[in-house]
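As a plain string of letters, each chain reads:
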Amino acid sequence: MTLKVVGLYRFPVKSMLGEEHERLDVGPRGVVGDREWALRHPDGKLGSGKNHARFRRVRGMLEHYATYEGDGTSSPVVTAPDGATLRPGDPRIPERFGAGVELVREGEASHKDVSPVSIVGTASLRALADLLGDADPVDVRRLRKNVVVETEEPWIEEDWVGREILIGSGAGTDGGREGGPLRLRGLQRVKRCVMVTQAQPGLPEDNRVLKTLTTARGMCIGLHTDVVAPAPLALGDTLVVR
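Residues numbered from 1 in each chain as written. Predicted model: local features only at pLDDT ≥ 70, side-chain atom pairs only at ≥ 80, totals over all residues. Heavy atoms only, no water.

(A) Seen up close, the overall build of the chain. Each helix and strand in the chain was counted, giving three helices and 18 strands. Over its C-alpha trace the chain gives a radius of gyration of 18 Å, about what one expects of a compact globule, namely 18 Å for 242 residues. Overall, the chain is about 55 × 45 × 30 Å in size when its C-alpha atoms are taken along their principal axes. Considering the chain as a whole, with its 242 residues, one finds that 53% of them fall into the buried category. Put simply, of all contacts in the chain between residues at least 6 apart along the chain, 70% involve residues at least 24 apart. When the accessible surface of the chain is totalled, it reaches about 11000 Å², and 47% of it is carbon and sulfur. Charge-centre separation for the chain: the mean point of 34 positive side chains lies 5 Å from the mean point of 34 negative side chains. (Helix = DSSP H or I, 4+ residues; strand = E, 2+ residues; numbered from the N terminus. Rg over C-alpha atoms; globule rule 2.2 N^0.38 Å. Buried < 20%, exposed > 50% of the residue type's maximum accessible area, 1.4 Å probe, protein only. Contact = heavy atoms within 4.5 Å. Areas by Shrake-Rupley, 256 points an atom, 1.4 Å probe, with all protein chains shown as cover. Lys, Arg positive; Asp, Glu negative; His and termini not counted. Charge placed at Lys NZ, Arg CZ, Asp CG, Glu CD.)

This is the structure:
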């Protein structure tokens, strides 16, 4: 099975809006810079769009854009709805998000919910729209996936659990870019949460999305993967499943 990468996304700060890219580096812990920063409360819980044992819901996070300065990932810049720009250590962060809240970098414990890299297929986005009764595919921004793959069969990426996924110019051959293609292994289906329903710039609140996924798909869409062999990713890359 040979497919093509048609979308790449990175989210510098957990539960905030992120960046669309033509190329991303992938290391052992996933897309470099992805969810590497988070809002942390004094009790250690991370700011999120939901409440959880590890997370605390902070309203308005999906109204904030997070990007990196320059080409590195050493420091994010958060742009607020009013145009203010915030960086780690800025005293306005606790003023806006709660007393004692800090913008902190990932340590030994990952900020990611489950896996280093997540994938969804375009046919699944169309199929979910069909379930909702909508004409246009569901906007992938609701799902916050790292990699979007052009597919013809809905939900096919969820069948890759336990299989090796090769992405790169030489994924379908014995050649390719120096060092070989990116190698991932499918871990489990992605179980979605209330984040998919929440409003963000250009997308209204839509409670149908989670209700429909819950009823029709066991709350799942897309695939969690682990990194077997790191390598860069680029739009147009070939994806092969073995």
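Next comes the rest of the account.
(B) Spatial organisation of helix α3 (residues 208–217). Residues of α3 that are buried: V209, L210, T212, L213 and R217. Along the long axis of α3, the arc covered by the buried residues comes to 165°, so they all point the same way. In α3, those exposed residues whose orientation departs by more than 90 degrees from the buried face are K211 and T215. For α3, the secondary structure elements touched by its buried residues are α2 (122–132), β15 (182–191) and β16 (220–229). (Arc of directions from axis to C-beta.)

(C) Seen up close, the nonpolar core. Counting 22 residues, the largest nonpolar core has V147, W160, I165, I167, L182, L184 and L239 as its most contacted members. The element that contributes the greatest number of residues to this core is strand β1 (residues 2–10), accounting for three residues. Residues F11, V148, V196 and L213 belong to the second largest nonpolar core, which totals 18 residues. (Core = buried A, V, L, I, M, F, W, Y, C linked by side-chain atoms within 4.5 Å.)

(D) Region of the structure containing the pattern of salt bridges. Per the counting criterion, the structure on display carries 16 salt bridges. Here D25 makes a salt bridge to R23, at a shortest N to O gap of 2.8 Å. Judged by relative accessible area, which is 39%, D25 ranks as partly exposed. The class for R23 is partly exposed, based on a relative accessible area of 47%. A single salt-bridge network, built from bridges that share partners, covers D134, D206 and R208. (Salt bridge = Lys/Arg side-chain N within 4 Å of Asp/Glu carboxyl O.)

(E) Spotlight on the packing of α2 against α3. Axis separation between α2 and α3 bottoms out at 10 Å; the angle between their running directions is 100°. In terms of their interaxial angle, α2 and α3 are classed as roughly perpendicular. Counted together, L128, L131 and L132 of α2 and R208, V209, T212, L213 and A216 of α3 form the full contact between these two elements. Counted by class, the contact of α2 with α3 contains six nonpolar, one polar and one charged residues. (Axes fitted to C-alpha atoms, helices over the stretch in contact; angles between N-to-C directions. Parallel < 35°, antiparallel > 145°, perpendicular 65-115°, else oblique. Nonpolar A, V, L, I, M, F, W, Y, C, P; charged D, E, K, R; others polar.)

(F) Examining the packing of aromatic side chains more closely. One pass over the full model with this rule turns up zero aromatic pairs. For the cation-ring pair, R144 lies above F11, with the distance from its terminal atom to the ring centre recorded as 4.3 Å. (Phe/Tyr/Trp six-rings, centres within 6.5 Å; stacked < 30°, edge-to-face > 60°. Lys NZ or Arg CZ within 6 Å of the ring centre and 35° of its normal.)

(G) Representation of the side chain of H41 in the model. Relative to the elements of secondary structure, H41 occurs in the loop between β5 (37–40) and β6 (46–48). Within the local environment of H41, its side chain forms a polar contact with the side chain of R56, the two groups lying 3.4 Å apart. Ignoring anything within four residues of it in the chain, the contact list for H41 reads L46, G47, R56, V58, F97 and V101. (Polar contact = N/O pair within 3.5 Å; in protein donor to acceptor, adjacent residues only side chain to side chain.)

Nothing here speaks to function; it is geometry throughout.
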